[in-house]
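Tertiary structure, described
So you can see what is in the structure, the chains are spelled out below.
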Amino acid sequence: MKSVPILILSGFLGSGKTTLLTRMLNDDLRKGIKPAVIMNEIGDVNLDGQLVGMGVPMSEMLSGCICCTIRGDLAMEIRRLIDEANPDHILIEASGVANPIEILDAVTEAAFFNPIEIQAMITVVDAAHFLDRSRIGKGRTYRLMKDQIRCSSILVLNKSDLVYTEDLEEIQKNMMGLNPFAPIIPTAHCDMDEVVWLQSLSSKVELDAIDRLRTEHQERFDYNDSIDHLHTQEHEHHEHNHGISGHHHSYDHVMAYSHYFPEPLEDNELERVLNDLPDGVYRAKGIFTSKKNGKRVMFQFAYRQLELITIQPESKIQDAAVFIGEHFSKESLLKKLEEIARPA
Ligand SMILES: Nc1nc2c(ncn2[C@@H]2O[C@H](COP(=O)(O)OP(=O)(O)OP(=O)(O)O)[C@@H](O)[C@H]2O)c(=O)[nH]1
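The structure presented is a predicted model; accordingly, all values stated were derived computationally and were not measured. (Residues numbered from 1 in each chain as written. Predicted model: local features only at pLDDT ≥ 70, side-chain atom pairs only at ≥ 80, totals over all residues.)

Section: the domain arrangement of the protein chain
Entries for the protein chain in the domain assignment read domain 1 (4–222) and domain 2 (253–340). On a C-alpha basis, the centres of domain 1 and domain 2 stand 25 Å from each other. Facing 14 residues of domain 1, the contacting portion of domain 2 comprises 18 residues. A per-class count over the side of domain 1 that touches domain 2 returns 7 nonpolar, 5 polar and 2 charged. (Domains from an automatic or database assignment. Contact = placed C-beta atoms within 7 Å. Nonpolar A, V, L, I, M, F, W, Y, C, P; charged D, E, K, R; others polar.)

A word on the sheet that holds strand β7 (residues 184–186)
Spatial ordering of the open sheet is given by β3-β2-β4-β1-β5-β6-β7, a layout of 7 strands whose pairing is parallel. The sheet is open, and its two borders are formed by β3 (58–61) and β7, each paired with just one other strand. The sheet shows a mean angle of 20 degrees between the axes of neighbouring strands, taken without regard to direction. Two strands pair when backbone bridges link them, and strand β2 (residues 35–40) and strand β4 (residues 89–93) are joined in this way by 5 bridges, in the parallel orientation. The partner of I38 across the bridge, within β4, is I92. The sheet contacts of helix α2 (residues 74–85) involve β1 (4–10), β2, β3, β4 and β5 (116–126), and relative to β3 the element is tilted by about 165 degrees. (Pairing = 2+ DSSP bridges. Helix = DSSP H or I, 4+ residues; strand = E, 2+ residues; numbered from the N terminus. Axes fitted to C-alpha atoms, helices over the stretch in contact; angles between N-to-C directions.)

Section: the UniProt feature "domain: CobW C-terminal" (unreviewed entry) in the protein chain
Sequence positions flagged by UniProt for "domain: CobW C-terminal" (unreviewed entry) are, in local numbering, residues 258–339. Along residues 258–339 one finds 23% helix and 39% strand; the C-alpha atoms at either end are 17 Å apart. (UniProt positions renumbered as here; feature names shortened; annotations may be inferred.)

Brief notes about the site of the ligand
Within the structure, the ligand sits among 21 residues, and K17, T18, T19, G96 and Q300 are positioned closest to it. Listed by contribution, the elements that provide at least two residues to the shell around the ligand are α1 (17–31), β12 (296–302) and β13 (305–311). No other element matches α1, which puts 3 residues into the shell around the ligand. In terms of domain composition, the shell around the ligand takes at least three residues from each of domain 1 (4–222) and domain 2 (253–340). (Near = placed C-beta within 6 Å.)

Structure representation (C-alpha cells):
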C-alpha cells in the first residue's frame with residue numbers, strides 16, 4: 001500500500017494558515033489532486049471550516065490541541081479519512097498555539113497505525129507580529145513562534161504587505177538564524193509563484209534540528225518542574241483542566257471563549273467591540289447576521305487587523321464567535337457582547 005503524504009500547516013494564531021490551506025485546496029482542484037483536510041481548533045466551533053469547499057473530505061478536531069489533549073484521536077481521524085476518501089494527500093491545519101514538536105510526534109505516532117509519511121511542515125509567519133515580538137525579544141508567544149520556525153521545512157513569510165521592505169529583510173535574517181534549512185517564501189495573502197512552491201516542497205523536515213529543540217525543551221521544563229502543566233480552556237459557561245502529565249506545552253495559559261449570538265447585530269456596534277478588545281485577546285473570529293441587510297458576515301480579528309466579509313455558509317452554522325487569548329476577563333467581554341445583542 002502506498003503512503004499518503006501528510007502536509008502540516010503550523011504557525012501562530014491568525015498568521016494565515018487557513019488562507020494558505022484554501023489556496024492549496026484550489027490548486028489541488030485545478031490539478032485534479034484529491035485532498036483531505038484535518039482542521040484543529042482549540043475552541044469548540046470551527047468557523048474556518050466554512051472556507052473549505054463542501055466537496056473536500058474533512059475532519060474537524062475541536063476543543064483541544066492535536067499536540068496534546070486530543071492527540072489520541074489523530075490516528076483514528078487519519079484512518080477514517082484514508083478509508084472513506086482515499087485521498088492523494090492529507091493537509092493538517094494545526095491550532096495556532098500547538099507545540100510544533102508535539103505535532104510532529106503526534107503524526108509520527110499516527111504513522112505506526114496508518115500508511116502515511118510527513119511530506120512537509122509548513123510554518124506560516126505573520127511578518128508584522130513576528131517583527132514586533134522579535135524586537136521585544138522575550139515572552140511565551142515569541143518562544144512559540146521561534147519553535148514553529150525551527151521545526152519547519154518550509155517558511156511562508158506572510159502579511160509582507162503590512163511591513164516595510166527593510167523590515168522584511170530584518171525578519172528574514174532573524175528567521176534564517178533560527179532555521180537555516182527551510183526556504184523562506186515572502187507572501188501577501190499566501191500568494192506565491194507556483195514554481196517556488198513546488199521547489200520548496202522538496203525540502204525535508206530536519207530531524208536533527210528537531211531533536212536539539214526537544215532536548216532544549218526537556219531541559220527548560222526539568223529546570224522549572226513546578227510549572228503548571230495543565231492545559232486550561234474556558235468555554236462559555238464552564239472551565240476544565242486536562243491533566244496531561246509528562247507533556248510540555250509552550251502555551252498552557254491560553255483561553256478560548258466561545259459565544260453564541262442570539263440576535264442579528266449592527267455591523268458598526270460589533271466593530272466597536274472588536275476594535276476595543278482587551279490586549280489579552282489576540283485572536284477573534286465569528287459569524288453573525290447583519291441587522292442592516294440580513295446577510296451573514298464573517299469577521300476576523302488577528303493582530304490588530306479587522307476584516308469583515310459577507311459569506312454564504314455552505315452548511316448550517318449558528319451565529320457564533322471565538323475569542324482566544326490570555327488573562328482577559330470573560331465576564332466583561334460577555335457584558336459588552338450582550339449589550340449589542342439582546343434577545344427581543
Ligand atoms: N493584510 C493581510 N491580511 C492577511 C494576509 N493573510 C491573511 N490575512 C488575513 O488575516 C486573518 C487571519 O487569516 P487566517 O488565514 O484565518 O489565519 P489562521 O492562521 O488560519 O488563523 P487561526 O487558524 O485562527 O490561527 C484573515 O482576516 C485573513 O484574511 C496577508 O498577507 N495580509
